[in-house]
Amino acid sequence: MTGIVRPSPLPPEDATLDESALAGLGSGLKGLFITFEGLDGCGKSTQMELLAAALRERGYVVLVTREPGGTGLGESIRDLLLDPHHHGMSARAEALLYAAARAQLVEQVIRPALDDGQVVLCDRYLDSSLAYQGYGRGLGIDDIITLNVWGTKCLFPDLTLFLDLDDSIRSTRLAAVPDRLEAEDDEFHQRVAEGYRTLLTLHRHRIRRVDAQGLESDVQARVRAVIEEELALFSH
Ligand SMILES: Nc1ncnc2c1ncn2[C@@H]1O[C@H](COP(=O)(O)OP(=O)(O)OP(=O)(O)O)[C@@H](O)[C@H]1O
Ligand SMILES: [Mg+2]
């Protein structure tokens, strides 16, 4: 198994817990925790699988998981969240369900893998809650952060890749039957997209934008360039 040499960025001395963790303190565990974010159809799952294969070839032990889901309980919660029949779900109930699925995933899957020194790639994580519930639903990000600091016992990614794809291309890649969130109107999705942009500015030391246009292989080259620059996983 290839060992991980952590670049270990130092947090600012005066940072509060929320600020420092979200701004790039990372998981603080033996492994590396990398999350993928972006709107539906931007290529998260495709790029994660390609990256996982490349890292495994390099000798890393890689765990790929997704949100909401990744555990038995989490997948049941996912079904509840994405079921279009639950169109009357309140924003707060929605935020709590996402946080519950995340708490289970962290405890059962992510933290043990990081303790074991693995590279964990997660399809969506905390930033999705900030973008969709904080900005999209208008709950604000402070309560979402508080809820998730508690739910995850302060587990934050070492690095987050935001796959940025123009709506005109993205819309051609969406599933034929939209789930409950995908079925929301354009204004909701615009608030989510703007929310992601705000997060990119607020947490630019942790979140890196990747241009998701073009061939899968071209996007993957950009993904690997960021991984290499931030975490140096390919050069040793
Ligand atoms: N660079 C690309 N060029 C063309 N098609 C692509 C590219 N990347 C992914 N796709 C296709 O677009 C669709 C959406 O990609 P993918 O499932 O990876 O996105 P996603 O961000 O995981 O979406 P979701 O949020 O809905 O899970 C898939 O059918 C995939 O094969
Ligand atoms: Mg996907």
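Please read all numbers here as calculations on a predicted model, not as lab measurements.

Draft legend 1. Just the overall build of the chain, in detail. When helices and strands are tallied, the chain shows 9 helices and 5 strands. For the chain, the N- to C-terminal ordering of α and β elements is α-β-α-β-α-α-β-α-α-β-α-α-β-α. Its C-alpha atoms give the chain a radius of gyration of 17 Å, near enough to 18 Å, the size a compact globule of 236 residues would have. When the backbone C-alpha atoms are referred to their principal axes, the chain occupies close to 50 × 40 × 35 Å. Here the chain, with 236 residues, has 40% of them falling under the buried criterion. Partitioning the contacts of the chain with sequence separation of at least 6, the portion at a separation of at least 24 is 80%.

Draft legend 2. Structural view of the site of ligand 1. Around ligand 1 sit Gly38, Asp40, Gly41, Cys42, Gly43, Lys44, Ser45, Thr46, Arg173, Leu215, Glu216 and Val219, and that is every residue in its neighbourhood. Take the shell around ligand 1: its biggest share by element is 3 residues, from helix H2 (residues 44–57). Among the residues making up the shell around ligand 1, the classes are represented as 3 nonpolar, 5 polar and 4 charged.

Draft legend 3. Representation of the pairing of strand E3 (residues 119–123) within the structure. Counted residue by residue, E3 has 5 buried out of 5 residues, so it is predominantly covered. Neither face of E3 is exposed, since Val119, Leu121 and Asp123 on one face and Val120 and Cys122 on the opposite face are all buried. Here strand E1 (residues 32–37) runs beside E3; their pairing, made up of 5 bridges, is parallel. Bridged to Leu32 within E3 is Val119. In this structure, strand E2 (residues 62–66) lies alongside E3, joined through 5 bridges in parallel fashion. Looking at E3, one finds that Val64 is bridged to Leu121.

Draft legend 4. The arrangement of unusual backbone geometry in detail. With an omega of -20 degrees, the peptide bond running from Glu67 to Pro68 counts as cis. Summarising the element assignment, Pro68 is placed in the loop between E2 and helix H3 (72–82). Non-glycine residue Arg124 carries a positive phi angle of around 75 degrees. Topologically, Arg124 is positioned in the loop between E3 and helix H5 (126–136). A tally of 22 C-beta atoms within 10 Å means that Arg124 is categorised as buried. The phi dihedral of Cys154 is positive, around 65 degrees, even though this residue is not glycine. Within the fold, Cys154 resides in the loop between helix H6 (141–151) and strand E4 (159–164).

Here is what the cut-offs are and how they apply
Residues numbered from 1 in each chain as written. Chains lettered and ligands numbered in written order. Predicted model: local features only at pLDDT ≥ 70, side-chain atom pairs only at ≥ 80, totals over all residues. Helix = DSSP H or I, 4+ residues; strand = E, 2+ residues; numbered from the N terminus. Rg over C-alpha atoms; globule rule 2.2 N^0.38 Å. Buried ≥ 20, exposed ≤ 12 C-beta atoms within 10 Å, placed from the backbone. Contact = placed C-beta atoms within 7 Å. Near = placed C-beta within 6 Å. Nonpolar A, V, L, I, M, F, W, Y, C, P; charged D, E, K, R; others polar. Pairing = 2+ DSSP bridges.

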